[in-house]
Each structure stands twice: as C-alpha cells, then as structure tokens.
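Now for the letters of each chain:
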Amino acid sequence: MIEKTVSKKGFSRRSILKGGAAATGAAIGSGAVSGFPTIWAQNIKDVTLRQFGTGVSNLNEVAQKVKEDLGFNLEMTALDSDAVTQRAATQPDSFDIADIEYWICKKVWPTGNLQPMDTSKIKNYDKIVGIFKSGKLTPESDIAQGTAPHTVGFVDGPDSKSFATEETGWMTLIPTIYNADTLGIRPDLIGRPIESWTELLNPEFKGKASILDISSIGIMDAAMVCEAMGEVQYGDKGNMTREEIDKTMAIFTEAKKNGQFRAFWKTFDESVNLMASGEVIIQSMWSPAITAVKSRGIPCVYQPLKEGYRSWGGGIGLSKSLSGLELEAAYEYINWYLDGWVGGFLMRQGYYSAVPETSKNFMSENEWGYWFEGKEATGDITSPFGDVLAKAGDTRDGGAFLERMGAVACWNAVMDENQYMVRKWNEFIAA
Amino acid sequence: MTDLTVSNDTDRKEETRLQPGVSAKVRKPVSDAVSGWLMSLPMAGVLVFFLVLPIIMIVVVSFWGATEFSIYPAFVFDNYEFLLTSPVTYSVFLNTVKYALITWALTLGIGFTIAYFLAFHVRSLTWQIVLFLLCTIPFWTSNIIRMISWIPFLGRNGIANSALISLGVVDEPLDWLLFSDFSVILAFVHLYTLFMVVPIFNTMMRIDRSLIEAAYDAGASGFQTLTNVVLPLTKPGIMIGSIFVITLVMGDFITVRFMSGSQKANVGRLISNDIALLQYPSAAATAVILLITVLIVIATLLRFVDIRKEL
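Residues numbered from 1 in each chain as written. Chains lettered and ligands numbered in written order. Predicted model: local features only at pLDDT ≥ 70, side-chain atom pairs only at ≥ 80, totals over all residues.

Visitor: Quick rundown of the overall build of chain B? Include the residues and the values.
Guide: When helices and strands are tallied, chain B shows 15 helices and two strands. Residue burial in chain B is summarised as follows: out of 311 residues, 28% are buried. Within chain B, counting contacts between residues at least 6 apart in sequence, those at least 24 apart form 72% of the total. (Helix = DSSP H or I, 4+ residues; strand = E, 2+ residues; numbered from the N terminus. Buried ≥ 20, exposed ≤ 12 C-beta atoms within 10 Å, placed from the backbone. Contact = placed C-beta atoms within 7 Å.)

Visitor: Tell me what's going on with the UniProt feature "transmembrane region" (unreviewed entry) in chain B, and back it up with residues and numbers.
Guide: All names here are of chain B. Per the UniProt record, "transmembrane region" (unreviewed entry) is annotated on residues 37–65, 99–119, 125–141, 176–201, 238–260 and 280–305. A distance of 40 Å separates the end C-alpha atoms of residues 37–65, which is 86% helix and 3% strand. Segment residues 125–141 splits into 71% helix and 0% strand. End C-alpha atoms: 26 Å apart. (UniProt positions renumbered as here; feature names shortened; annotations may be inferred.)

Visitor: Can you lay out the sheet that holds strand S11 (residues 261–265) of chain A for me, pointing to particular residues and giving the numbers?
Guide: All names here are of chain A. Taking strand neighbours across the sheet as the criterion, the five strands line up as S11-S10-S12-S9-S13 in an open arrangement whose pairing is mixed. Bordering the open sheet on either side are S11 and strand S13 (301–303), each of which pairs with just one other strand. For this sheet the average axis-to-axis angle between neighbouring strands, irrespective of direction, equals 25°. The sheet contact formed by strand S10 (residues 209–212) and strand S12 (residues 282–284) spans two bridges and is parallel. Across the sheet, the residue bridging to Ser210 is Gln283, located in S12. (Pairing = 2+ DSSP bridges. Axes fitted to C-alpha atoms, helices over the stretch in contact; angles between N-to-C directions.)

Visitor: Break down the interface of chain A and chain B for me, citing the residues and quoting the values.
Guide: Listed as interface residues are 25 residues of chain A and, on the opposing side, 20 residues of chain B. If you list the elements that add at least two residues to the side of chain A that touches chain B, you get helix H4 (81–90), helix H5 (102–108), S11 and helix H16 (418–430) of chain A. Among the elements that make up the side of chain A that touches chain B, the one with the highest residue count is H16 of chain A (six residues). In the side of chain A that touches chain B, the residues fall into ten nonpolar, eight polar and seven charged. (Nonpolar A, V, L, I, M, F, W, Y, C, P; charged D, E, K, R; others polar.)

Visitor: Outline the confidence of the model for chain B, supporting the account with residue identities and numerical values.
Guide: A low pLDDT score tells you not to read the predicted coordinates there in detail. Residues and elements named next belong to chain B. When the pLDDT values of chain B are averaged, the result is 86; 89% of them are 70 or greater. Residue range residues 1–24 is modelled with pLDDT below 50. Its contacts to residues more than four positions away, or to other chains, number 15 contacts. For this predicted complex, the interface score ipTM comes out at 0.74, alongside a pTM of 0.76. (pLDDT = per-residue confidence, 0-100.)

Visitor: Help me get a handle on the pairing of strand S18 (residues 408–411) of chain A, residues and values and all.
Guide: Residues and elements named next belong to chain A. Sheet analysis places strand S6 (residues 145–146) next to S18, joined by two bridges and oriented parallel. From the neighbouring strand, Gly146 faces S18, where its bridge partner is Trp411. Where strand S14 (residues 309–319) meets S18, three bridges bridge the pair, whose relative direction is parallel. Of the residues in S18, the one forming a bridge with Tyr309 is Val408.

Visitor: With reference to specific residues and values, describe the packing of helix H3 (residues 60–70) of chain A against helix H11 (residues 324–337) of chain A.
Guide: The description of two packed helices rests on the angle between their axes and on the distance between the axes. Residue and element names in this part refer to chain A. At a minimum axis separation of 11 Å, H3 and H11 run at an interaxial angle of 110°. With respect to H11, the axis of H3 lies roughly perpendicular. On the side of H3, the interface is formed by Val66, Asp69 and Leu70, while H11 contributes Glu332, Tyr333 and Trp336. For the contact of H3 with H11, the class distribution of residues is four nonpolar, no polar and two charged. (Parallel < 35°, antiparallel > 145°, perpendicular 65-115°, else oblique.)

Visitor: Quick one: what's the story with the packing of helix H4 (residues 87–121) of chain B against helix H9 (residues 181–205) of chain B, residue by residue and with numbers?
Guide: Residues and elements named next belong to chain B. The geometry of H4 relative to H9 is characterised by a closest axis approach of 7 Å and an angle of 45° between their N-to-C directions. As judged from the angle between their axes, H4 and H9 are oblique. In this structure, the crossing between H4 and H9 has a hand that is right-handed. Split into classes, the residues belonging to the contact of H4 with H9 amount to 22 nonpolar, four polar and no charged. (Left-handed = near helix turned anticlockwise from the far one by under 90°.)

Visitor: Lay out the domain arrangement of chain A with the relevant residues and their values.
Guide: Residue and element names in this part refer to chain A. Split into domains, chain A comes out as domain 1 (41–178 + 312–361) and domain 2 (183–307 + 400–430). Using only C-alpha atoms to locate each centre, domain 1 and domain 2 end up separated by 27 Å. At the junction of the two partners, domain 1 supplies 24 residues and domain 2 supplies 24 residues. Of all the secondary-structure elements, those providing two or more residues to the side of domain 1 that touches domain 2 are H4, H5 and S6. Broken down by element, the residue count for the side of domain 1 that touches domain 2 peaks at three residues, all from H5. A breakdown of the residues in the side of domain 1 that touches domain 2 according to their chemical character gives ten nonpolar, nine polar and five charged. (Domains from an automatic or database assignment.)

Below, the structure written as structure tokens:
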C-alpha cells in the first residue's frame with residue numbers, strides 16, 4: 001500500500017511538470033506554424049513546405065537556395081514514379097507540393113487531392129513554353145502522341161475534376177522541367193553508330209540491354225522499338241488498343257526469354273549503376289543519368305534516333321489542404337521556381353526549363369549555347385556539381401532545343417486500357 | 001495456442017508458490033483462472049490488434065473493387081478470378097516455392113554443419129560463445145546492405161569474375177553470376193543461414209552427452225550416432241529453423257528484385273507491383289493466397305514433429 005501511494009505521488013508530480021512543459025512547447029510550436037493573419041510576413045520563416053517527387057528535380061541544392069532566397073523551409077522527398085503516384089493519390093495530407101509528371105497528373109487529378117493554381121498569380125505565366133499551353137512548340141509544330149502536357153494542364157475552375165481543352169486561367173501543374181528521352185549507349189563498348197530504336201532488341205546486344213520497369217514509361221519505349229522494327233503499327237502509342245498491347249508485349253517477352261535483357265531498372269540510380277559498371281551497354285535512360293555516368297569519366301551518349309524522342313514533362317502541383325500562409329508561400333515558391341535560378345541549375349544537367357529565357361540569366365553564354373542552342377562549347381561545360389561534362393568543341397547530343405523538342409514522337413502517357421496494360425506488363429516482368 | 005502456453009506457465013508458477021503453504025490459504029482456485037486470463041490478456045490484445053485485425057482487413061479488401069486511383073467497397077471475386085486464371089500466377093507461385101525449397105535445403109545443410117561443429121567439436125564453452133557470436137556479426141549491418149554488396153562483387157567486371165579470369169578458370173566473364181536465380185539464392189542463403197544455425201545449435205546443446213557416449217559404447221559408428229541419435233533429437237530445432245527460412249523466403253520481395261535485376265518474379269514482387277500501381281484489392285487477394293500457401297506448408301511441416309511436445 002505504502003509503496004503504491006509513494007509511486008503515485010511521484011508520478012503525478014513529475015507528470016505535471018512534464019505535461020506543463022509539453023503544453024507550453026506545443027503552444028509555441030502550433031502558434032508559429034498556423035499563425036495569425038496579421039503577422040504573416042514575419043512568420044513566413046517558420047513555414048515548412050513538404051515537397052515530394054522523382055529524384056530528377058528533388059535536389060537539396062534547391063531547398064538550400066529556397067531557404068536563402070525566400071526564407072522558408074522546403075523538405076524534399078525523392079521517390080520513384082510509382083511511389084509518387086501512390087502517395088499523391090492516397091496520402092494527400094503527407095505533402096504540400098507534389099512534383100509530378102503530367103501523366104501522373106492524369107491519374108491523380110480525379111482523386112481531388114490537388115488544387116489548381118490561379119495563373120494570374122504566376123508572374124512568368126506568359127513566358128511559359130507553348131508545349132504546356134497550346135501544345136505547340138512553335139505555331140507550325142504538330143502535337144505528338146500520348147498524354148501531351150496541355151491536355152491535362154488546365155481545369156475549368158478551382159473545384160473542377162475534369163480537364164479543360166484550352167487555357168482557362170486554372171492550371172493543374174505549373175511546368176517545371178521537361179525533356180526528350182531516348183536510348184543511352186556506351187559508345188566505347190558498342191563501337192559503331194546507333195541510329196534506330198530497333199537496336200534495343202538487336203541480338204548483338206544480347207544480355208547487355210535494359211529497359212525501365214515503370215510500366216507506363218516502359219511500354220512507350222517498347223512501342224517505339226516495335227514500331228521502328230515495323231512489327232506493330234500503332235494508332236496512338238499513347239493510347240494503345242488491347243491488341244497493340246498484346247503484340248508489343250509478345251515481342252518483348254520473347255526477347256526477354258532469349259536473354260536479351262541484363263536487368264530492368266526502376267530508379268535513376270539503378271540505371272546509372274548498370275551503365276557505369278558495363279553490365280548494360282544500351283538501355284532506356286534519362287538525361288541526368290547520362291550526365292551522372294559521364295561525370296565518372298565513363299563515355300556515355302544520349303543517342304538521338306531517327307524515329308524521334310519519347311518525351312516527358314513534370315510540374316509542381318499544390319495539395320488540396322494548402323491554405324493561408326502556406327499557400328502564399330507555395331505561390332511565392334512557384335514564382336521563384338520560374339524565375340530562372342532553378343531553370344539554370346536544371347538546364348546545366350540537360351533538362352529544359354518551362355521558361356527558358358529566365359534561365360538564360362543564370363547561365364554563362366557558353367552554357368546557354370551548348371545546352372539550349374546546340375552550339376559547340378567554347379570552353380569546359382561543367383555540371384552544377386562541378387564535374388566536367390564536355391570540352392570545347394563538343395556539341396550536345398541531339399542539338400538545339402527546337403530540334404530536340406521538335407522531334408518528339410510521343411509523350412509519356414496513361415492509356416484508357418491502363419489496367420490491362422499494367423497486367424500485361426507484370427506478366428512480362430514475371431515471364 | 002498462445003493463451004494456452006501462457007496459462008500453463010502460470011499454473012506451474014502457482015504450484016511452486018503454493019508449496020510453502022502459508023499464503024496458499026488466502027488464495028481461491030477461481031483467482032487462478034482469472035489471473036491466468038488476465039496475464040494472457042496483453043499478449044492476446046497485441047495479437048488481435050496487430051495480427052488478427054490486419055489480416056481480417058486484408059481478407060475484406062481482397063473482395064473490393066479498384067479503379068486507377070481508388071478502391072471501393074464491394075463483394076466481387078474479380079481479383080481472385082484474375083489471379084487464379086492467369087498462368088503467370090502459377091509460374092510465379094512455382095518460382096516462389098522453388099526459391100523456398102532450394103534455399104531451405106542449402107541453409108539446412110550449412111546450418112546443421114555449423115551447429116554440429118559448434119556443439120560437438122568445440123569443447124570449451126568460451127570458444128562456443130565466441131564462435132557463435134562471430135556468426136552473428138554480419139547481422140550488425142542491415143540485410144539490404146549485405147544483399148546489395150553482392151552486386152558489385154558478382155558483376156560482369158566484379159571481383160568474382162576478374163578473379164576467375166586471372167586464375168584462368170574462365171576466358172570470359174560469367175554472366176549468370178549476377179541477375180539470375182543463382183544470385184537470388186546465394187543472397188537468400190547468405191541472409192538466412194543464421195536462422196537455421198541458432199535453433200539447431202540450441203537443441204543440440206541440450207542433447208544429453210551421455211546418450212552419445214552410450215551410442216559409442218554400444219558400438220555405433222560416428223555416422224550411425226549422427227543419424228540415429230543426434231538427428232532425431234535436433235528435429236525440433238530443424239523444424240523451427242525451417243519455418244523461419246521458408247516463411248522469410250516466401251514473403252520476400254526486395255532480395256528477388258535486387259538480385260535478379262527485376263528479371264525474376266516471386267509472389268512478394270507480384271504484391272509489391274500491385275501496391276505500386278494502387279491495385280490494393282488485387283494485392284490483398286494475392287496476399288491471402290500466399291498466406292494460405294505458407295500456412296499449408298507449415299502445417300505439413302508440423303505434422304512431422306510435435307514441436308510443443310519436444311520443447
């Protein structure tokens with residue numbers, strides 16, 4: 001009995017002290033974060049925005065620069081495309097800013113977890129490249145197949161769940177970066193020119209090829225190959241019929257069974273390691289992965305192919321739950337994003353910025369000429385991390401911006417038959 | 001099962017406590033039963049909340065429907081129908097069982113040998129402890145790290161291949177060392193052998209040495225002693241180790257993904273792919289089938305040895 005009372009007493013005293021301290025702490029903490037309208041400006045330093053996305057643009061350098069320029073915190077989480085989709089669709093409260101691709105947007109938007117942005121609050125809206133607004137790079141260009149960004153770029157109003165067909169003033173994603181993808185090769189191990197997508201299944205590279213295991217992107221690369229081989233004719237590679245999917249997967253399953261592929265990759269780092277180690281000498285690849293391989297001093301080329309590029313675009317979307325001070329901070333972040341520093345940072349890795357002209361201010365003339373205009377480098381081209389990527393006299397694989405983005409054959413897409421495609425893709429992986 | 005063991009324990013404790021006789025008068029037999037139940041309550045609660053409820057949830061969701069981006073309550077058999085009619089399912093389950101069987105056989109062989117060496121050849125207790133701890137040192141690092149470190153080792157230009165080439169064993173690098181069934185099983189064996197060693201070593205240490213002396217005195221050869229005395233007495237340990245290894249291998253997905261370069265599939269990968277694509281009901285259905293398979297395997301194993309009796 002006595003023991004009980006003593007322990008009870010001790011416990012209660014301590015608990016009061018602890019509870020008190022915790023309550024005070026909580027009060028201070030919550031006060032600072034939720035804030036009062038009158039002291040917004042001072043409080044912006046305490047704002048933390050949680051951003052997640054694929055590894056390509058979720059860079060700590062960006063978060064550091066945000067802290068310097070805007071004063072608030074940006075927390076970055078990098079995930080693979082599937083995980084990004086999953087998180088955007090199922091955990092709306094776990095993020096403030098979603099850095100996703102346009103095809104993911106098509107999947108995720110109907111869940112209502114994102115809110116559209118008022119374009120009148122976006123300073124550089126008028127300077128955003130036409131691909132994201134009308135779908136045309138230049139007034140004369142054709143619109144490529146697949147989920148072209150402008151088709152899922154706008155909605156009618158703040159609460160609309162279906163996409164609008166033209167510019168409306170409510171944007172689903174603010175475009176950040178985009179690029180034209182092709183096959184990456186190790187020229188030193190191949191030793192001859194590569195010109196067509198068909199080379200991915202060339203028996204010459206048996207056991208040394210790879211394709212990415214993200215179904216919605218992998219199927220497009222597969223389609224580019226099958227079309228180039230003349231085996232399958234597609235109505236729209238971005239929206240295949242069941243029959244087209246079956247044919248495509250049959251060709252790839254056969255190649256897999258014959259040992260064409262060394263491995264499949266799912267994340268950026270895996271593709272870099274496969275290429276750098278020489279396990280694979282030809283594979284689907286993303287531009288910065290090439291940069292990463294090159295910066296290890298290993299020759300690697302992002303080979304332009306005659307059938308054209310498979311292109312993708314990413315943008316940042318705002319979580320439905322953002323409001324008040326955080327929403328203001330998010331708009332400020334977006335404006336800063338399009339203001340050029342990030343654009344320059346990403347363009348020096350081989351991506352394109354949605355507003356190229358602002359990025360120009362943050363790049364040297366040599367860099368701008370090399371990366372954007374397709375000119376010969378006049379001096380060393382270095383990545384933002386200081387690695388030398390090209391020497392004077394080199395030109396960029398594929399040439400100038402208009403040349404590369406003008407040769408896009410299709411965009412990453414979500415198809416009407418997506419579920420069927422996914423099942424077939426799984427069978428291919430398991431085969 | 002847990003309830004029973006726990007209450008048995010308490011009964012035993014009560015008996016020993018009753019012997020002194022003084023405090024026994026105060027206690028009533030009813031309170032024994034009540035306290036037994038109370039003592040088993042926390043464990044039962046934990047199991048209900050963290051095991052039984054989630055499993056029920058999985059079973060329920062496996063009958064739901066799904067769209068691209070959402071799941072909705074329903075009672076449909078689509079998920080099972082697709083699963084059980086797809087030839088891929090069978091080949092993947094077959095592959096999973098194949099991995100489990102091969103890994104089991106190898107870990108058993110290696111694990112038994114190590115345990116036998118530790119228990120019967122190492123004479124001093126100190127050395128037994130030292131060597132046993134040595135076995136556990138790899139477990140100080142994460143098993144993902146232990147697994148991934150095989151990749152550069154086995155690669156086309158890896159240490160294994162360059163060693164073989166410089167020794168003149170092969171002329172060209174061996175491709176099958178990495179991203180193949182071989183590398184998957186190698187990683188499994190590496191990761192899970194200890195789960196076999198520990199329980200087998202434990203049961204071996206409890207074998208009465210006089211039994212072995214008796215066998216020797218009765219003229220049994222070393223091999224006869226092994227098969228007629230040691231092996232039957234270590235069965236419970238073997239069985240526990242087998243259950244560990246088989247359930248771990250059958251439930252794994254990450255080892256298969258990394259070591260096969262995403263080229264091979266087992267049931268775990270099927271589930272993880274479904275989850276990645278937001279197809280939770282389909283993943284749940286696969287999980288239910290996998291659970292049933294594993295339970296059948298374990299039930300079969302338990303028919304060979306009555307673990308509760310042996311312990």
